[in-house]
Amino acid sequence: MKYLIAYYSWSGHTKMTAERIARVTGGNLFEIVPTEPYPRLYARCAIAAKAERDKNARPALIGTVENFDDYSDVIIGYPAWWHTCPMIILSFLEQYDFTGKRVHLFNTHMGSHSVGTELIREHCKGEVIESKDANELKQESQIKAWLGL
Ligand SMILES: Cc1cc2nc3c(=O)[nH]c(=O)nc-3n(C[C@H](O)[C@H](O)[C@H](O)COP(=O)(O)O)c2cc1C
């Protein structure tokens, strides 16, 4: 099994969990970085994020994953934004063919745990497993149990 851990993080929480998962699995990290950064001010970011969700937008992102086909399992991490995943996650999904891959989701949040799964399933041909609450991935044993390692 070979793991790719792709994540988007606005303020660093999702990044921390993604890095922990990479350490435990030995997988490769890919940070999803928007071409145009979101505003640093929370209120402005919230407005931008809501507008993107309402328009079903596909914000552009920087870079591509090398040798995507080599990965059997893709782990995708994101913060809850407006009760679902940020639209840039859909931009990422639509760049690759996930057929035959297991897709493990996790999300950080301030209450909206395990969101985004249905939306992601609509845009991904892989076997998408329901989003895991990042608060339950703090320890190595939790990460291993989650992934069946
Ligand atoms: C634009 C925006 C929208 C958010 N919407 C939600 C939400 O709907 N539900 C929730 O529980 N948290 C929401 N949050 C809080 C984030 O999900 C939470 O702070 C997350 O841990 C941030 O992760 P990050 O540091 O990787 O960006 C929102 C944060 C932002 C910036």
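Scroll up to find the structure.
Reading the values: rules and limits
- Residues numbered from 1 in each chain as written.
- Predicted model: local features only at pLDDT ≥ 70, side-chain atom pairs only at ≥ 80, totals over all residues.
- Helix = DSSP H or I, 4+ residues; strand = E, 2+ residues; numbered from the N terminus.
- Rg over C-alpha atoms; globule rule 2.2 N^0.38 Å.
- Buried ≥ 20, exposed ≤ 12 C-beta atoms within 10 Å, placed from the backbone.
- Contact = placed C-beta atoms within 7 Å.
- Expected span 1.5 Å × (residues − 1).
- Arc of directions from axis to C-beta.
- Near = placed C-beta within 6 Å.
- Nonpolar A, V, L, I, M, F, W, Y, C, P; charged D, E, K, R; others polar.
- Core = buried A, V, L, I, M, F, W, Y, C linked by C-beta atoms within 7 Å.
- Pairing = 2+ DSSP bridges.
- Axes fitted to C-alpha atoms, helices over the stretch in contact; angles between N-to-C directions.

Caption draft 1: Structural context of the overall build of the protein. When helices and strands are counted, the protein shows five helices and seven strands. The helix and strand sequence of the protein, counted from the amino end, reads β-α-β-β-α-β-β-α-β-α-β-α. In terms of overall dimensions, the protein is globule-like: its C-alpha atoms have a radius of gyration of 14 Å, near the 15 Å expected for 149 residues. Based on the C-alpha atoms only, the size of the protein along its principal axes is roughly 40 × 30 × 25 Å. By residue count, 40% of the 149 residues in the protein fall in the buried class. Across the protein, the fraction of contacts at a sequence separation of at least 24, relative to all contacts at a separation of at least 6, is 75%.

Caption draft 2: Spatial organisation of unusual backbone geometry. With phi around 50°, Trp82 is a residue other than glycine that occupies positive phi space. Among the secondary structure elements, Trp82 is positioned in the loop between β5 (73–79) and α3 (87–93).

Caption draft 3: Structural context of helix α1 (residues 13–25). Given a rise of 1.5 Å per residue, 13 residues ought to cover 18 Å, and the 19 Å separating the end C-alpha atoms of α1 matches this to within 8%. Among all positions of α1, only Thr14, Thr17, Ala18, Ile21, Val24 and Thr25 are buried. Projected down its long axis, α1 carries its buried residues within an arc of 125°, all on one side. Count one or two residues on from α1 and you reach Gly26, which has phi positive near 70°.

Caption draft 4: Examining the site of the ligand more closely. What surrounds the ligand is a group of 21 residues, the closest being Ser9, His13, Thr14, Pro79 and Thr108. For the shell around the ligand, the secondary-structure elements that each account for two or more residues are α1 and α2 (42–55). A per-class count over the shell around the ligand returns 10 nonpolar, 10 polar and one charged.

Caption draft 5: Just the nonpolar core, in detail. Grouped together as the largest cluster of nonpolar side chains are 37 residues, with contacts concentrated most on Leu4, Ile5, Ala6, Tyr7, Ile76 and Ile89. When residues in this core are grouped by element, the largest group, six residues, is from α3. With residues near it in sequence (within four places) discarded, Ile76 still touches Ala6, Tyr7, Ile89, Val103 and Leu105.

Caption draft 6: Spatial organisation of the environment of Leu147. The topology assignment puts Leu147 in helix α5 (residues 140–147). Leu147 sits in the buried class, given 20 other C-beta atoms within 10 Å. Taking the C-alpha atoms as reference, Leu147 lies 18 Å from Phe98; in sequence the two are 49 residues apart. Once residues lying within four places of it in the same chain are set aside, the contact partners of Leu147 are Thr25 and His104.

Caption draft 7: Here's a closer look at the sheet that holds strand β1 (residues 3–7). A sheet is described by the order of its strands in space; here five strands give the open sequence β2-β1-β5-β6-β7, paired in parallel fashion. Strand pairing shows two members of the sheet lacking a second neighbour, β2 (28–31) and β7 (127–133), which therefore form its edges. Strand-to-strand twist of the sheet, defined as the mean angle between neighbouring strand axes without regard to direction, takes the value 20°.

Caption draft 8: Spotlight on the environment of Leu90. Looking at the element boundaries, Leu90 is found in helix α3. Note: C-alpha distance between Leu90 and Glu118 (28 residues apart in sequence) is 12 Å. The residues contacting Leu90, other than those within four sequence positions of it, are Arg58 and His123.

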